[in-house]
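Chain and residue survey
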Amino acid sequence: MLLLSGSSSAGSHTAATVEAAAGTLRDRGAEPLVWDLAVHPLPILDAARHGRPELHADPLARELPALADRADAFVLASPTYHGSFSGALKNALDHLQDAQVRGKPVGLVAHGFNLSATQVCDALRTVVRSLGGLAVPEQLVTVPADFERVAGHRTLTAPVAAERLTGLCEAVLGLAGRLAAVDADGVPAS
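Nothing here was measured: the structure is a model prediction, and the numbers come from that model.

**Some remarks on the overall build of the protein chain**
- Scanning the protein chain for helices and strands turns up six helices and seven strands.
- From first element to last, N terminus to C terminus, the protein chain shows the α and β order β-α-β-α-β-α-α-β-α-β-β-β-α.
- Overall, the protein chain is about 45 × 45 × 30 Å in size when its C-alpha atoms are taken along their principal axes.
- Out of the 190 residues in the protein chain, the part that is buried amounts to 44%.
- Sequence separation of 24 or more characterises 71% of the internal contacts of the protein chain that already satisfy a separation of 6 or more.
- As displayed, the protein chain has an accessible area near 9,300 Å², and 55% of this comes from carbon and sulfur atoms.
- A gap of 3 Å separates the mean positions of the 15 positive and 20 negative side-chain charges of the protein chain.

As structure tokens, this is what we get:
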């Protein structure tokens, strides 16, 4: 499963939530791959190279699509910027092709100063649908009060937010499992 942290700020609330999601997924036997756009920023997409990552000089622009090819599901997380998701996350999604997301479960996470950050999930749901992904109904919106500093690191500590994150992760894993149990013809695998 590929988790994209869409904040360009190191140690962000978004990154802390993605790390918490990765832990929840590991606890359930999944192998999460975290791509933090603050740590691994991507170059602005060159439209002439879209769909041909091998032509990119930047190794990160080749690596992300390769990870997306192998991923069986995604979690997309973003801070709220002007009522929508970050340009860093938009650029990362632009580096992917429809086929890399199509038919795969996607969990949506947003962070903002209040619960109006649900707009981020609404906007991402539209993008996921356009890529043919399957956004699960569960989503998580966090606010600053959901976090504390633990051993010097921002950590998601609010019980209600942690519970919602667990529900989101279980929904993504559950759908991924059901999809894996069905072959290309729609017949349950034996």
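**So, the environment of Val34**
- Summarising the element assignment, Val34 is placed in strand 2 (residues 33–36).
- A residue is classified by how much of its surface remains accessible, and Val34, at 32% relative accessible area, is partly exposed.
- In the structure, Val34 is positioned 14 residues away from Ala48 in sequence and 27 Å away in space, judged by C-alpha atoms.
- Leave out the neighbours within four places in its chain, and Val34 touches Leu3, Val18, Glu19 and Ala22.

**As for the sheet that holds strand 1 (residues 2–5)**
- Strands sit in the order 2-1-3-4-5 across an open sheet of five strands; the sheet is parallel. A single partner strand is all that each edge strand has here, and the edge strands are strand 2 and strand 5 (134–142). Sheet twist, expressed as the average angle between the axes of neighbouring strands with direction ignored, equals 15°.
- With four bridges connecting them, strand 1 and strand 2 associate as parallel partners. If you follow Leu2 over to strand 2, its bridge partner there is Leu33.
- Across the sheet, helix 1 (residues 13–27) lies against strand 1, strand 2, strand 3 (74–79), strand 4 (105–111) and strand 5, angled at about 165° from strand 1, the strand it touches most.
- On the sheet, helix 3 (residues 87–94) packs against strand 1 and strand 3 and is oriented at approximately 150° with respect to strand 3.

**Digging into the layout of surface pockets**
- Taken as a whole, the largest pocket spans an internal volume of roughly 190 Å³.
- In terms of lining, the largest pocket is formed by Ser7, Ser9, Ser12, His13, Thr14, Pro79, Thr80, Tyr81, His111, Gly112, Phe113 and Arg154.
- Each residue belonging to the lining of the largest pocket can be placed in one class, and the counts come to three nonpolar, eight polar and one charged.

**Describing unusual backbone geometry**
- The phi dihedral of His82 is positive, around 50°, even though this residue is not glycine.
- Of note, His82 is situated in the loop between strand 3 and helix 3.
- The exposure class assigned to His82 is exposed, which follows from its relative accessible area of 86%.
- Its identity is not glycine, yet Ala151 carries a phi of approximately 50°, on the positive side.
- On the secondary structure map, Ala151 appears in the loop between strand 6 (147–150) and strand 7 (153–156).

**Overview of the side chain of His95**
- Here His95 shows up in the loop between helix 3 and helix 4 (98–101).
- Look at His95 and you get buried, because its relative accessible area is 5%.
- At a separation of 2.8 Å, a polar atom in the side chain of His95 contacts the main-chain carbonyl oxygen of Pro43.

About the cut-offs
Residues numbered from 1 in each chain as written. Predicted model: local features only at pLDDT ≥ 70, side-chain atom pairs only at ≥ 80, totals over all residues. Heavy atoms only, no water. Helix = DSSP H or I, 4+ residues; strand = E, 2+ residues; numbered from the N terminus. Buried < 20%, exposed > 50% of the residue type's maximum accessible area, 1.4 Å probe, protein only. Contact = heavy atoms within 4.5 Å. Areas by Shrake-Rupley, 256 points an atom, 1.4 Å probe, with all protein chains shown as cover. Lys, Arg positive; Asp, Glu negative; His and termini not counted. Charge placed at Lys NZ, Arg CZ, Asp CG, Glu CD. Pairing = 2+ DSSP bridges. Axes fitted to C-alpha atoms, helices over the stretch in contact; angles between N-to-C directions. 1 Å grid on protein atoms, 1.4 Å probe; cavity = no way out; pocket = protein on both sides within 12 Å on 5 of 7 lines; lining within 4 Å. Points joined across faces, edges and corners; volume = space filled by probe spheres on them. Nonpolar A, V, L, I, M, F, W, Y, C, P; charged D, E, K, R; others polar. Polar contact = N/O pair within 3.5 Å; in protein donor to acceptor, adjacent residues only side chain to side chain.

Any functional reading would require information that these geometric values do not contain.
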